[in-house]
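Coordinate analysis (summary)
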Amino acid sequence: MAPLQKRAFYGLIFGIAWAIAIVAVFILKGGATVFDTDQTFRLIMDGIWVGGLIVYLVLFYPILRKPKLVDERDKLIYDRSPRIQWLAVIFALVAWVIGLTEGFRGQGVPTVFLYVMFFTILCVSAIAQCIGILVGYWRMNGNG
């Protein structure tokens with residue numbers, strides 16, 4: 001297994017656990033209403049989100065900075081992974097927009113949901129990048 005492929009696999013496992021942790025903490029601590037009023041809750045969620053992004057940086061930064069760890073095939077796969085990543089981001093944004101406009105029709109969307117939506121999109125993007133890399137290796141090996 002190539003180093004980039006291993007990191008993408010670990011990133012996917014971490015990303016799923018990260019998303020489950022975010023949803024669990026968000027629900028257990030009281031949801032959007034409490035999130036909007038409780039600074040401690042917001043700081044906990046910020047710590048989880050930023051910590052997860054740091055993990056992804058630690059996973060992929062060495063691969064990008066050390067060209068000896070990747071070959072042309074790895075670079076090609078990494079460069080193509082944003083296709084899946086952006087599709088996932090667009091579908092997540094569509095789901096958020098439809099859900100929020102239908103859920104708050106005529107009332108105005110509370111600003112707390114914009115914050116939650118932003119960090120949800122970051123999670124989706126990170127997880128989808130790993131999926132894009134793994135799909136790239138799968139396609140490359142299938143056609144190889």
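Residues numbered from 1 in each chain as written. Predicted model: local features only at pLDDT ≥ 70, side-chain atom pairs only at ≥ 80, totals over all residues. Heavy atoms only, no water.

A separate point is the pattern of salt bridges. Scanning all chains against the criterion turns up one salt bridge. When the shortest N-O distance is used, the salt bridge between glutamate 102 and arginine 105 registers 3.0 Å. Take glutamate 102 and arginine 105: they sit in the same class, and that class is exposed. (Salt bridge = Lys/Arg side-chain N within 4 Å of Asp/Glu carboxyl O. Buried < 20%, exposed > 50% of the residue type's maximum accessible area, 1.4 Å probe, protein only.)

What follows covers the side chain of glutamine 85. Here glutamine 85 shows up in helix α5 (residues 82-103). Note on glutamine 85: relative accessible area 13%, which makes it buried. Side-chain polar atoms of glutamine 85 contact the side chain of serine 125, separated by 2.7 Å. Contact partners of glutamine 85, with chain neighbours within four places excluded, come to Ser125, Ala128 and Gln129. (Helix = DSSP H or I, 4+ residues; strand = E, 2+ residues; numbered from the N terminus. Polar contact = N/O pair within 3.5 Å; in protein donor to acceptor, adjacent residues only side chain to side chain. Contact = heavy atoms within 4.5 Å.)

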